[in-house]
Amino acid sequence: MLDVILASDTRQVQTATVMESSISDHDLVYVTLKLKKVRSKPVYITTRSFKHYSPFDFSNDVSLAPWSIDVFDDVEDKLYALDSLFTEILDRHAPVKTFKPRCKPNPCVTDNIRGLMRTRDDWRKKAKKTNDPLSWTAYRYFRQEVKREIRIAEEEFVAEQIQKNPNNTNNIWKAIRQCIPSKSTSQQTYSKSDKAVADEFNQFFVSVGQSTVDKITSLANECNLTLNQNYFVPRQYALFDQFTLSTIDYKQIERIIAAMPSNKAPGIDKIPIRVIKDCLNPIVHPITSIVNASFQNCVFPSKWKTAVVTPIPKEGDQEQANNNRPISLIPVLSKDYFYNIVFEKPPWGKSIKGGKQIRTTTAKILKSEVEPGCFPLSSIYQQADLNKTSPIGKWIIH
């Protein structure tokens, strides 16, 4: 025998055949294997279900709740009381459920197009069953009609979105991106177990700070600098220009929450900003009490520090942790806290202009901390603006 096929498991062999060939002295020997395609793991999402959610009923129940958190002095106790009561009410109206997500429906498909799709499918079934040439012709005709109607509907939908929101750049770009081919959104598969990958990613993300310190030390050695020396000379500011944390009233909280985008992802508590806006009047005073207690006691609530970290793949092997960008999702009320501090009076100046070369936020903060000429680190400024390292954490501590 000149041509043989060796199989390690004959149970996987379905057929073994010889194909005659007129172009060679030897016939082709081949086998058909019984192989199954590896199915990807199902994706499950844990989120709140707003299927039976009513903003009016939810706001009414929240307004009837006893929001007397001023009896507590500690900011942690205030936040625990607010969060426990608010979550209990929200769970009744929008419970947390785990489900398998489906594909998003196409907003361009109208009832008329769905009717054409049903007619197309009926003719396809009939053609496959009878193998009638007229049925196949009818199926091909309706298939082309469905494609043509969808193409026309998509063009009208994009034009309507752009014309309806001429001043809203977010909606305009959202409509434009629908016309541009995007990257595959299929689930990423890993060779290791999910727990092993999660542990590896967590270890990498928590070591980023130490890696940054090591890069700073190496860069300082290259520049012949000693990091244990105090190069900072504090500026003297007038009293009215000094940064302070002062108490705020509930109207400022209302303005900040109302200005927050409603499409931002919630944090670990799974409370979106939309439900807070729906019942803002009853809970704005408890939120104001928590923020003011935090300012007065100089304590940031520990629950608002907890974030859900989601890795966003970059280029390269996505199973490598350094090829992923971590995105931290903090609770929406924590964002409200930060927005109030940054927007009212930031410590690095009245404004920072983005999108300018060699005008990064890191350089702005560093250069605002010292007088010109008192910090001989021009080369490190240059390295920081070239995104080689971010030295802000190490130097301001010293």
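Scroll up to find the structure.
Model, not experiment: these values are computed from the prediction.

Cut-offs applied
Residue numbers here run from 1 along each chain, matching the order of that chain's written sequence. With the structure being a predicted model, the display of local features is reserved for residues of pLDDT at least 70 and the display and counting of side-chain atom pairs for 80 or more, all residues being used for whole-chain, interface and lining totals. Values reported for side chains reflect all heavy atoms of the structure, with hydrogen atoms and water molecules removed beforehand. Classification of ring pairs rests on two measures: the distance between centres of Phe, Tyr or Trp rings, Trp counted by its six-membered ring, which must be within 6.5 Å, and the angle between planes, read as stacked under 30 degrees, edge-to-face over 60 and tilted in between. Elements are defined by DSSP. Helices are runs of H or I of four residues or more, strands are runs of E of two residues or more, and each kind is numbered from the N terminus. For each residue, the accessible area found with a 1.4 Å probe, counting protein chains only, is set against the maximum for its type, and the residue is called buried under 20%, exposed over 50%, and partly exposed in between. Every patch collects residues that have over 30% relative accessible area and no salt bridge, joining them within 9 Å if they carry like charges and within 5 Å if they are nonpolar side chains (Val, Leu, Ile, Met, Phe, Trp, Tyr). Surface accessibility follows the Shrake-Rupley procedure with a 1.4 Å probe radius. Residue values consider only the protein chains on display as shielding. We define a salt bridge as a side-chain nitrogen of Lys or Arg found within 4 Å of a carboxyl oxygen belonging to Asp or Glu. Counted as positive: Lys and Arg. Counted as negative: Asp and Glu. His and the chain ends are not counted at all. To locate a charge, take NZ of a lysine, CZ of an arginine, CG of an aspartate or CD of a glutamate. Directions are taken from the helix axis to each C-beta atom, and the arc is the one they span. Any two residues whose heavy atoms approach within 4.5 Å are treated as being in contact. For helices, the axis comes from a line fit to the C-alpha atoms of the stretch in contact; other axes are also lines fit to C-alpha atoms, and the angle between any two N-to-C directions lies between 0 and 180 degrees. Each angle gets one of four labels, with under 35 degrees taken as roughly parallel, over 145 as roughly antiparallel, 65 to 115 as roughly perpendicular, and the rest as oblique. Here a crossing is taken to be left-handed if its near helix is turned anticlockwise relative to the far helix by less than a right angle, and right-handed if that turn runs clockwise. The nonpolar core is taken to be a set of buried Ala, Val, Leu, Ile, Met, Phe, Trp, Tyr and Cys residues, with the residues joined through side-chain atoms within 4.5 Å. A pocket, in this scheme, is an open set of points on a 1 Å grid over the protein atoms alone with protein on both sides within 12 Å along at least 5 of 7 lines, while a cavity is a set where a 1.4 Å probe fits but cannot get out; residues line either one if an atom lies within 4 Å of a point. Grid points are joined across faces, edges and corners, and a volume is the space filled by probe spheres set on the points. Pairs of N or O atoms within 3.5 Å make up the polar contacts considered here, provided that, within protein, one atom can donate a hydrogen while the other can accept it, and that residues adjacent in sequence are counted only when both atoms are side-chain atoms.

Novice: Please clarify how the packing of aromatic side chains should be interpreted in this entry.
Specialist: For the coordinates displayed, the defined rule picks out 8 aromatic pairs. Taking 6.0 Å as the distance between ring centres and 75 degrees as the angle between the ring planes, the aromatic pair formed by Trp136 and Tyr139 counts as edge-to-face. Residue Trp136 and its partner Tyr139 are both found in helix H4 (residues 133–164); the two are separated by 3 residues, about one turn of the helix. For Trp136, a relative accessible area of 24% corresponds to the partly exposed category.

Novice: I keep staring at a negative patch on the surface and nothing clicks. Help me out?
Specialist: Together, Glu154, Glu155, Glu156 and Glu160 make up a region of like negative charge exposed at the surface. The topology assignment puts Glu160 in helix H4. Judged by relative accessible area, which is 44%, Glu160 ranks as partly exposed.

Novice: What exactly am I supposed to notice about helix H1 (residues 55–63) here?
Specialist: Three- or four-residue spacings in an α-helix give side chains the same orientation, since the helix completes a turn every 3.6 residues. Residues of H1 that are buried include every one of Phe58, Ser59 and Val62, and no others. The arc enclosing the buried residues of H1, seen along the axis, measures out at 95 degrees, which places them on a common side. Those residues of H1 that are buried are in contact with helix H2 (75–93), helix H9 (273–278) and helix H10 (280–297).

Novice: Help me out: how do you make sense of a nonpolar patch on the surface in this one?
Specialist: Taken together, Met19, Leu28 and Tyr30 make up a surface patch of nonpolar side chains, about 270 Å² in accessible area. With respect to the helices, strands and loops of the structure, Leu28 is situated in strand S2 (residues 28–33).

Novice: How do you make sense of unusual backbone geometry when you look at a structure like this?
Specialist: Negative phi is the rule for most residues except glycine; trans is the rule for most peptide bonds. Located in the positive-phi region is Asn131, a residue other than glycine, with phi close to 55 degrees. With respect to the element layout, Asn131 can be found in the loop between helix H3 (111–130) and H4. With a relative accessible area of 58%, Asn131 lands in the exposed category. Backbone geometry at Lys270 places phi at a positive 60 degrees, although glycine is not the residue there. Looking at the secondary structure, you find Lys270 in the loop between helix H8 (250–259) and H9. Residue classification places Lys270 among the partly exposed positions, given a relative accessible area of 26%.

Novice: Would you mind showing me how to read the side chain of Glu319 here?
Specialist: Take Glu319: it is sitting in the loop between strand S5 (308–313) and strand S6 (324–329). Apart from the residues within four sequence positions on either side, Glu319 is in contact with Tyr190, Ser191, Lys192, Glu200 and Phe201.

Novice: Is there a simple way to explain the packing of H1 against H2 in this structure?
Specialist: When two helices pack together, you describe them by how their axes are tilted relative to each other and by the distance separating the axes. Where H1 meets H2, the axes come as close as 10 Å, and the angle between the chain directions of the two elements is 150 degrees. As the angle between them shows, H1 and H2 are arranged roughly antiparallel. Here H1 and H2 pass one another in a crossing that is right-handed. In this structure, H1 uses Asp57, Phe58, Asp61 and Val62 to contact H2, whose residues at the interface are Phe86, Ile89, Leu90, Arg92 and His93.

Novice: For this particular structure, what's the right way to read the nonpolar core?
Specialist: If you look at the biggest cluster of nonpolar residues, it comprises 35 residues, and the most contacted ones within it are Phe58, Trp67, Phe86, Val275, Ile276, Ile283 and Ile287. Among the elements of the structure, H1, H2, H8, H9, H10 and helix H11 (332–344) are those that each provide at least two residues to this core. For this core, the element with the most residues is H10, which contributes 8 residues. Setting aside its immediate chain neighbours within four residues, Ile276 contacts Phe86, Ile257, Ile271, Ile283, Val332 and Leu333.

Novice: Would you mind going over empty space enclosed by the protein with me for this structure?
Specialist: Rolled over the atoms, a probe sized like a water molecule indicates the empty space that remains. This model, assessed by the stated rule, comprises 2 cavities of 30 Å³ or more. Looking at the largest cavity, its volume works out to about 160 Å³. Around the largest cavity, the lining is made up of 14 residues, and of these Leu79, Asp83, Asp269, Ile271 and Leu333 lie nearest the centre. Elements represented by at least two residues in the lining of the largest cavity include exactly H2 and H10. In terms of residue count, H2 provides more of the lining of the largest cavity than any other element does, 4 residues in total.

Novice: Would you mind showing me how to read the side chain of Thr87 here?
Specialist: Along the chain, Thr87 falls in helix H2. Among the polar contacts made by the side chain of Thr87, one reaches the main-chain carbonyl oxygen of Asp83 at a distance of 2.6 Å. Setting aside residues up to four positions removed in sequence, Thr87 forms contacts with Arg48 and Ile271.

Novice: What is the right way to read the pattern of salt bridges from this model?
Specialist: Side-chain pairs of opposite charge can arise where the charged atoms are in close proximity. Under the defined criterion, the tally for this structure stands at 9 salt bridges. A salt bridge links Asp91 to Arg48; its shortest N-O distance comes to 2.7 Å. With Asp91 in helix H2 and Arg48 in strand S3 (residues 45–48), the pair connects residues that are 43 residues apart, well separated along the chain. Residue classification places Asp91 among the partly exposed residues on the basis of a relative accessible area of 33%. On the accessibility criterion, Arg48 (7% relative accessible area) is buried. Ionic pairing is found between Asp111 and Arg114, a salt bridge with its closest N-O pair at 3.1 Å. Residue Asp111 and its partner Arg114 are both found in helix H3; the two are separated by 3 residues, about one turn of the helix.

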